[in-house]
Amino acid sequence: FAATVVGPTLQPIRESFGLGLAELGLIFPFTAVGYVVSSLIGSVASDRYGRRPFVIAGTTSIAAGIAVMALAPAWSVLLLGGVIAGFGMGLLDGPLNAYIVDMAPDGAAKWLNFLHLFFGIGALTGPILTGIALARDVDWRLIYSVVALVGFTTTVPFAFLRISNANSGRPPSLAVMRRSAVQPIVLLM
C-alpha cells in the first residue's frame, strides 16, 4: 500500500511544491536507490544476525519515510522521505521472505505465495483508495499521514513475534557474495 500511494498523489504533490514533470519524476529513482542499497545489505546481514532486527527496521523505516513525506516542508525533504521509505522496503523484502522460508521449509512456496498475495492486495487497493480519497478532496498529506500511522502499527507484531534465527547452513562469505553479485545473469536482472 505504501509503495502504491505515490502514483495517484503525484499531481497534488506537484501542485504543492510547484514542480515540473522532470522534477516530480525524481521521487521514483530516489526511492529506488534506498531500496537497492538496503536490499543488498538487509538480505546478507539478516543471514548473519537474524531476521528480527531487519524486519522491524524495515517496517519502521517505511512508516518513517512516509511520515517524512507527509510532513515535508520542501521538495528535497520529500525526496529524503522517499529514500527512507525505499530503504525500509529493501530492508524488509529479503529478510521477510527468508523468514517465511526459514519457518516453513517444506511448504515455503505456498507460504511465500500467501505472503505475496498481501503485496498484491495492497498494490490493488492502494491506488483505488487513494483515488477515492483525492476525489473527495482529502489532502495528499493526510493520506500519507494515515499510511504512516498504519505502517507504524505493523512493527508491533514483529516486535513480539518469535522469529527464529534458523537458516539452512552457514551464510556464504563476503568474497563468495561479491563474486556472485557480478555474474552476468545477476547483472542482467
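These numbers were taken from a predicted model, which means no experiment stands behind them.

Chain-level statistics for the protein give a pLDDT mean of 87 and a share of 88% at 70 or above. Of all the helices and strands in the protein, helix 9 (residues 184-188) carries the lowest mean pLDDT, 63, while helix 1 (residues 10-17) carries the highest, 96.

Moving on, we come to the side chain of Thr 9. Within the secondary structure layout, Thr 9 lies in the segment before helix 1. A polar contact is formed between the side chain of Thr 9 and the backbone oxygen of Val 6, at a distance of 2.9 Å. Among all residues touching Thr 9, those that are not within four sequence positions of it are Thr 130, Leu 134, Trp 140 and Tyr 144.

A grouping of Phe 1, Leu 124, Ile 128, Leu 129 and Ile 132 is seen on the molecular surface, where their side chains present a nonpolar patch of about 470 Å² in accessible area. With respect to the helices and strands, Leu 124 occurs in helix 6 (residues 108-135). Its relative accessible area of 56% is what places Leu 124 among the exposed residues.

Calculation notes
- Residues numbered from 1 in each chain as written.
- Predicted model: local features only at pLDDT ≥ 70, side-chain atom pairs only at ≥ 80, totals over all residues.
- Heavy atoms only, no water.
- pLDDT = per-residue confidence, 0-100.
- Helix = DSSP H or I, 4+ residues; strand = E, 2+ residues; numbered from the N terminus.
- Polar contact = N/O pair within 3.5 Å; in protein donor to acceptor, adjacent residues only side chain to side chain.
- Contact = heavy atoms within 4.5 Å.
- Patch = residues over 30% accessible without salt bridge, like charges linked within 9 Å, V, L, I, M, F, W, Y side chains within 5 Å.
- Areas by Shrake-Rupley, 256 points an atom, 1.4 Å probe, with all protein chains shown as cover.
- Salt bridge = Lys/Arg side-chain N within 4 Å of Asp/Glu carboxyl O.
- Buried < 20%, exposed > 50% of the residue type's maximum accessible area, 1.4 Å probe, protein only.

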